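These are the residues of each chain, in order.
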Amino acid sequence: MTPAHTDAPSFGARFLLSPQGWPYLLVPFIPVAIALEVAGAAAGFVFFSAALGVIPTAALMGRATEEVAARSGPGIGGLLNVTFGNAPELIIALFALEAGLQEVVKASIVGSILGNILLVMGAAMLAGGVVRDRQVQRFDRTAANVQSLMLILAVAALVMPAVFELVDGQGLPRVDQERVNFDSTVEDLSLAVAIVLIATYVAGLVFSLRTHKELFNPHSEDEPEHDDTWGWSIRRSVIALAVAGLAVGVMSEILVGSIEAASESIGLSEFFIGIIVVAIVGNAAEHWVAVLVAVKDKMDLSVNIAIGSSAQVAMFVAPVLVLLSFVIGPGPMPLVFNGFEIAAIFLGVLVAYQVTNEGESTWFEGVQLLALYVILGLTFYFA
Amino acid sequence: MTPAHTDAPSFGARFLLSPQGWPYLLVPFIPVAIALEVAGAAAGFVFFSAALGVIPTAALMGRATEEVAARSGPGIGGLLNVTFGNAPELIIALFALEAGLQEVVKASIVGSILGNILLVMGAAMLAGGVVRDRQVQRFDRTAANVQSLMLILAVAALVMPAVFELVDGQGLPRVDQERVNFDSTVEDLSLAVAIVLIATYVAGLVFSLRTHKELFNPHSEDEPEHDDTWGWSIRRSVIALAVAGLAVGVMSEILVGSIEAASESIGLSEFFIGIIVVAIVGNAAEHWVAVLVAVKDKMDLSVNIAIGSSAQVAMFVAPVLVLLSFVIGPGPMPLVFNGFEIAAIFLGVLVAYQVTNEGESTWFEGVQLLALYVILGLTFYFA
Amino acid sequence: MTPAHTDAPSFGARFLLSPQGWPYLLVPFIPVAIALEVAGAAAGFVFFSAALGVIPTAALMGRATEEVAARSGPGIGGLLNVTFGNAPELIIALFALEAGLQEVVKASIVGSILGNILLVMGAAMLAGGVVRDRQVQRFDRTAANVQSLMLILAVAALVMPAVFELVDGQGLPRVDQERVNFDSTVEDLSLAVAIVLIATYVAGLVFSLRTHKELFNPHSEDEPEHDDTWGWSIRRSVIALAVAGLAVGVMSEILVGSIEAASESIGLSEFFIGIIVVAIVGNAAEHWVAVLVAVKDKMDLSVNIAIGSSAQVAMFVAPVLVLLSFVIGPGPMPLVFNGFEIAAIFLGVLVAYQVTNEGESTWFEGVQLLALYVILGLTFYFA
């Protein structure tokens with residue numbers, strides 16, 4: 001099937017003000033961040049310009065991935081889309097890992113899961129639900145349930161090393177720590193858990209791309225809009241992907257390099273920055289899409305983006321970072337979350353499960369999800 | 001729409017022995033409680049006569065609220081009904097707050113949520129399910145799910161200050177404490193959480209009284225029985241409401257004033273009295289209605305009363321008490337629950353969610369809910 | 001109704017290699033275990049031969065129970081089937097209780113619940129789901145929900161004594177302990193909880209065998225295969241039951257007697273042996289049936305075996321063992337689980353609820369359940 005495509009847009013004012021184009025309005029922050037960094041400006045300014053600069057690079061990366069995927073046939077294309085879907089997040093985390101900011105990395109993993117479930121799904125359900133005369137929005141329970149089961153299982157797995165530490169009487173990491181030296185038993189356990197999760201993730205790819213692909217793409221023929229691409233050539237797409245990857249890397253390095261000093265100067269803890277700010281910027285462009293399609297009443301896709309993205313972070317990004325921590329940075333990073341992270345992630349997945357289980361949403365559910373996100377954010381702020 | 005109404009009953013023997021009338025059989029305990037209090041009788045007697053005396057005053061308050069509401073049109077009427085629905089509970093809690101019994105207040109909040117979910121819903125499902133030849137009772141899943149999602153979100157919010165204290169290493173309140181001095185950070189956090197919850201509650205009123213009112217009142221025309229009033233005039237209703245409010249206040253003051261001494265003399269902890277006894281008496285009349293309508297196979301209404309009342313305590317009564325604690329009593333009361341309360345409330349809402357999620361009930365589900373209530377009660381007793 | 005029956009099989013090669021016959025291939029391990037025990041062989045060998053020897057004796061016990069039940073009419077028969085269903089497990093636990101291995105007993109209770117939910121249901125869903133061209137397997141949600149609600153309520157009850165110890169500041173048992181002397185309050189609480197659970201269990205028998213028996217046996221006429229027996233006479237069945245019971249007892253005594261020494265020599269903790277090994281061998285034959293019927297696409301029966309067996313352990317086996325601990329062994333065994341057990345059982349029942357709630361399964365759900373079992377097993381191994 002040749003995907004339907006629209007003409008590649010010229011990056012003019014009209015595109016920039018369109019729902020898909022706004023992230024590129026933030027492009028000026030890329031040179032600004034680099035300039036401030038080189039000039040040795042105050043860390044707070046460097047941090048925020050880099051944070052805003054990440055957004056368009058991540059958006060371009062998503063765009064380029066979809067273009068490459070569209071030219072690669074459904075099998076490889078699906079694999080590319082899924083694997084590179086969280087690439088910006090992974091790149092930021094890699095730089096943080098190398099800088100030894102392991103608690104920031106773990107916070108950003110949890111923040112990414114929470115952000116998808118509560119902030120994105122909440123905003124989508126609110127924005128989709130307040131449309132005039134729209135009482136209830138419905139979505140396919142079966143696909144949503146597969147994703148939220150994946151999420152709940154992954155979270156159960158992810159918290160076991162923390163349970164281990166807790167039962168062992170060694171305590172969890174404190175919020176004000178940057179990196180904790182765990183003993184080797186919990187490092188081994190965390191490594192083993194990571195390997196099992198990645199193996200399960202691979203089984204999940206076989207499931208979603210091969211044996212049960214209809215489940216996740218039931219309306220592929222009815223909804224050409226979502227499959228639309230900009231018709232880029234393979235060459236152009238690959239170059240764009242490389243450029244975007246490089247840009248994400250540069251922004252990430254600046255962002256991560258300024259976290260410590262920015263944390264001090266603006267009075268937010270590194271924990272808060274990791275779990276709220278870093279978690280949001282890496283996903284902002286993608287999240288916007290989830291809200292947009294909810295307004296168009298495509299709740300299947302919207303819920304799929306929110307819950308699917310969470311599940312992927314839990315089952316793929318998190319264990320990959322554990323594996324990589326054995327070769328990158330100061331030492332292994334076992335996935336021992338702190339108490340706030342455990343409580344928040346646990347409450348988050350319970351809520352996600354309940355919300356998707358109904359197969360329908362209203363604006364008030366959106367308000368409630370956002371309210372819980374605000375309350376968690378307040379708790380993290382006071383931590 | 002003029003509400004259907006029956007004639008105002010004369011308070012004769014026939015009415016007093018009817019399902020709606022029995023609370024008024026307890027009216028004699030009102031003067032008895034006052035007399036015992038004035039006479040300086042043993043605290044245990046004062047406490048129990050005041051506890052029994054609360055029940056008819058709360059019943060009258062509920063009655064008068066419905067009468068006023070019926071004369072105020074659906075919009076204002078709904079608002080009145082919802083807001084005053086938990087007034088007796090709130091009044092008792094206010095007196096306890098003023099007396100500095102903050103742990104009793106928190107226990108009664110949790111006890112009220114648990115009592116609604118486990119005791120009331122359990123009794124309703126058991127009583128409704130044992131009716132001859134009745135296999136399964138069904139109710140509307142959608143409305144029940146909205147309520148139980150509200151409940152789960154509110155509980156998630158309510159436990160965050162306790163998580164904060166726990167992670168911070170400051171520990172939770174002990175069961176034998178009457179009042180704990182928390183540091184100001186957790187007071188600020190609790191205040192912020194309360195404000196977010198109240199804002200969400202207001203959004204919920206817009207949802208249930210305005211944008212989605214059909215969801216909560218689908219059969220309003222088929223079921224005139226529930227909408228029936230006694231046809232009181234506005235004047236009579238308002239006077240009755242004022243009298244009832246005053247009576248609840250007097251009984252509450254006596255009740256609260258005798259808790260400490262009664263706790264010692266009868267050998268029950270203040271915690272147990274708060275979470276079991278106080279939680280039951282404030283709601284007894286309303287709870288009875290939930291069981292009654294279940295026997296009549298109106299499970300929609302029964303579940304709505306039980307879960308809805310729980311959700312309202314969590315989303316409205318609890319945060320309002322936090323706000324009021326800044327002006328009433330010895331000092332702010334952050335909502336830091338103790339370990340029993342957290343475990344019980346968490347297990348309770350999980351069970352509530354599961355039970356309502358099915359959209360049907362049997363007598364054995366009722367037995368199970370009651371069994372869990374008994375087990376929690378035993379644990380609180382031994383605490 | 002006379003149950004359909006096949007001829008009693010001769011125990012020849014053909015039977016032994018059939019799906020129902022393989023457990024009897026392990027019969028040689030019975031004399032081997034006895035011989036090794038008498039000869040005073042190394043504990044590791046004694047333990048593993050006894051563990052393998054338990055499997056055929058438990059299989060015979062199950063067989064004989066079904067034969068007796070089939071000849072006793074539906075009422076008594078159902079009661080027999082349900083009550084003796086977990087008899088091998090109970091016998092093993094009794095010997096462990098007498099030997100003072102209370103932590104092993106508690107671990108095997110939790111391990112049995114987890115094994116049923118994660119290992120058995122996971123294997124069943126995987127084996128059933130990979131059958132060519134089978135996309136989704138469906139099962140009856142209502143019956144599954146009754147069971148999983150029973151499970152969640154029982155688990156809520158079972159963890160309350162641990163909550164009590166935790167809140168009381170006395171701490172949970174450590175993994176390396178064999179037996180803990182708790183104070184008498186928690187012993188009383190645990191006794192009271194056990195009595196409430198057993199009363200609820202009896203109510204559940206009335207529910208499933210009397211008032212709602214259609215719910216659990218909806219297709220009794222369409223599926224004669226499951227009801228098939230080997231047509232044994234009452235006399236033969238009772239003798240077989242007695243022989244099997246005796247054999248289970250002998251194997252259990254050898255098994256339990258070698259646990260301590262085997263634990264040391266093979267380097268696995270008693271905790272791991274209790275929660276993984278002991279939990280598996282007592283149920284192996286029954287579990288095999290659950291996988292077998294899943295392949296035949298009878299998911300109703302498969303899920304019923306897995307969840308129902310878990311629920312029964314939680315609601316009947318566990319409280320009975322608490323009661324018996326007051327007369328058998330060194331002293332009362334309150335059900336205070338350790339941290340790993342609480343975390344695992346809690347995550348397990350949440351997952352069980354979610355999986356059964358959908359009323360359908362795929363091979364990937366099976367993989368995920370197995371993955372969680374592996375991760376829990378790894379955590380227990382490192383504990």
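Residues numbered from 1 in each chain as written. Chains lettered and ligands numbered in written order. Predicted model: local features only at pLDDT ≥ 70, side-chain atom pairs only at ≥ 80, totals over all residues. Heavy atoms only, no water.

Regarding empty space enclosed by the protein
All names here are of chain A. As a reminder of what qualifies: Put simply, the grid is 1 Å and covers the protein atoms alone, a cavity is a trapped set of points that fit a 1.4 Å probe, a pocket is an open set with protein on both sides within 12 Å along at least five of seven lines, and lining residues have an atom within 4 Å of a point. Grid points are joined across faces, edges and corners, and a volume is the space filled by probe spheres set on the points. Each helix is a run of DSSP H or I of at least 4 residues and each strand a run of E of at least 2, with the numbering of both proceeding from the N terminus. In this classification, Asp, Glu, Lys and Arg are treated as charged, Ala, Val, Leu, Ile, Met, Phe, Trp, Tyr, Cys and Pro as nonpolar, and every other residue, Gly included, as polar.
With the rule as written, the count across this model stands at 16 cavities of 30 Å³ or more. Approximately 130 Å³ is the volume attributed to the largest cavity. Lining the largest cavity are 16 residues, with Glu89, Ala93, Ser108, Ile109 and Val278 sitting closest to its centre. Counting residues per element, the ones that place at least two in the lining of the largest cavity are α5 (87-98), α6 (102-129), α11 (234-266), α12 (270-281) and α14 (299-325). Here the residues of the lining of the largest cavity are counted per class, giving 13 nonpolar, 2 polar and 1 charged.

Regarding the confidence of the model for chain A
All names here are of chain A. The condition is simple: Confidence scores per residue from the predictor, reported as pLDDT, run from 0 to 100. Note on contacts: a residue pair qualifies if any of its non-hydrogen atoms lie within 4.5 Å across the two residues.
Confidence along chain A averages 85 in pLDDT terms, with 93% of residues attaining 70 or more. Long-range and interchain partners of residues 219-226, a stretch whose pLDDT sits below 50, account for 6 contacts in this model, where long-range means more than four residues apart. For this predicted complex, the interface score ipTM comes out at 0.88, while the overall pTM is 0.90.

Side note on the relation of the copies chain A and chain B
Mapping between the two copies of the chain is achieved by a rotation about an axis and a shift along the axis. Rules: Copies are brought into register by a least-squares superposition over C-alpha atoms of residues with pLDDT of at least 70 in both.
For the pair chain A and chain B, the best superposition has an RMSD of 0.0 Å and corresponds to a rotation of 120° with a translation of 0.0 Å parallel to the axis. The two molecules are tied by a three-fold rotation axis, judged by turn and shift. Of the residues that chain A buries at the interface, just 16% are likewise interface residues in chain B, meaning the two copies contact each other through different surfaces.

With respect to the interface of chain A and chain C
Where interface size is quoted, it is often the accessible area lost as the parts come together. Basically, it comes down to this: Computed with a 1.4 Å rolling probe, the buried area is the accessible surface lost when two parts are put together, summed over both parts. By definition here, a salt bridge exists when the distance from a side-chain nitrogen of Lys or Arg to a carboxyl oxygen of Asp or Glu is within 4 Å. Any pair of N or O atoms that falls within 3.5 Å is considered a polar contact. Within protein, one atom must be able to donate a hydrogen and the other to accept it, and sequence-neighbouring residues count only if both atoms are side-chain atoms.
Opposite the 34 residues of chain A that make contact, chain C presents 32 residues. At the boundary of chain A with chain C, total buried surface from both sides reaches about 2,900 Å², with 76% on carbon and sulfur atoms. Among the residues chain A hides against chain C, the three largest losses belong to Leu149, Leu153 and Met160 of chain A. Together they make up 20% of the total. Put simply, chain A and chain C have 0 salt bridges between them. Where chain A touches chain C, the interface holds 6 residue pairs in polar contact (both at pLDDT 80 or more). Looking at the side of chain A that touches chain C element by element, the count peaks at 15 residues for helix α7 (residues 141-167) of chain A.

Focus on the pattern of salt bridges
Cut-off, in case you're wondering: Between buried and exposed lies partly exposed: a residue is buried under 20% and exposed over 50% of the maximum accessible area for its type, with that area taken using a 1.4 Å probe on protein chains only.
In this structure the tally under the stated criterion is 12 salt bridges over all chains. Among the ionic pairs, glutamate 66 of chain B bridges to arginine 63 of chain B, the shortest N-O distance being 3.8 Å. Here arginine 63 of chain B and glutamate 66 of chain B lie together in helix α3 (residues 43-70), a separation of 3 residues that amounts to about one turn. Residue classification places arginine 63 of chain B among the buried residues on the basis of a relative accessible area of 9%. Of the charged contacts, one joins glutamate 360 of chain C and arginine 138 of chain C as a salt bridge, the two residues approaching to 2.3 Å between their closest N and O atoms. With a gap of 222 residues between them, glutamate 360 of chain C in strand β2 (residues 360-361) and arginine 138 of chain C in strand β1 (residues 137-138) connect regions that are remote in the sequence. Relative accessible area serves as the criterion here: at 13%, glutamate 360 of chain C is assigned to the buried category. When salt bridges with common partners are traced through the structure, they connect Arg63, Glu66 and Glu67 of chain A into a single cluster.

What to know about the interface of chain A and chain B
Taken residue by residue, the interface counts 31 residues in chain A and 34 residues in chain B. Our enumeration of links across chain A and chain B arrives at 6 residue pairs in polar contact (both at pLDDT 80 or more). Those elements giving two or more residues to the side of chain A that touches chain B turn out to be α15 (339-358) and α16 (363-382) of chain A. Class assignment for the residues of the side of chain A that touches chain B results in 20 nonpolar, 7 polar and 4 charged.

Focus: the environment of lysine 106 of chain B
All names here are of chain B. Secondary-structure assignment places lysine 106 in helix α6 (residues 102-129). Taking C-alpha positions, lysine 106 is 7.9 Å from glycine 274, a pair spaced 168 residues apart along the chain. Filtering out sequence-adjacent residues up to four positions away, lysine 106 remains in contact with Pro173, Phe182, Met333, Pro334, Leu335, Val336, Phe337 and Glu341.

Here's the deal with the relation of the copies chain A and chain C
Take chain A, turn it by 120°, move it 0.0 Å along the axis, and it overlays chain C with an RMSD of 0.0 Å. When the interface residues of chain A are mapped onto chain C, a mere 15% of them again fall at the interface, so the copies present different faces.

Things to note about the packing of aromatic side chains
Here is the rule: Stacked, edge-to-face and tilted are the three classes for Phe, Tyr and Trp ring pairs, Trp counted by its six-membered ring, which pair at centre distances within 6.5 Å; planes under 30 degrees apart are stacked, over 60 edge-to-face, the rest tilted.
As enumerated under the stated definition, the model contains 39 aromatic pairs over all chains in all. Geometrically, the ring pair formed by phenylalanine 271 of chain A and phenylalanine 380 of chain A is edge-to-face, given 5.4 Å between the ring centres and 80° between the ring planes. Taken together, the residues phenylalanine 271 of chain A in helix α12 and phenylalanine 380 of chain A in helix α16 connect sequence positions 109 residues apart. For the pair phenylalanine 271 of chain A and phenylalanine 380 of chain A, one class covers both residues: buried. Considering the side-chain rings of phenylalanine 272 of chain A and tyrosine 381 of chain A, the 6.0 Å spacing of their centres and the 80° angle between planes classify their relative orientation as edge-to-face. Here phenylalanine 272 of chain A, found in helix α12, pairs with tyrosine 381 of chain A, found in helix α16; they are 109 residues apart in sequence, far enough to count as distant. One aromatic cluster is present, formed by Phe164 of chain A together with Phe271, Phe340 and Phe380 of chain C through successive ring pairs.

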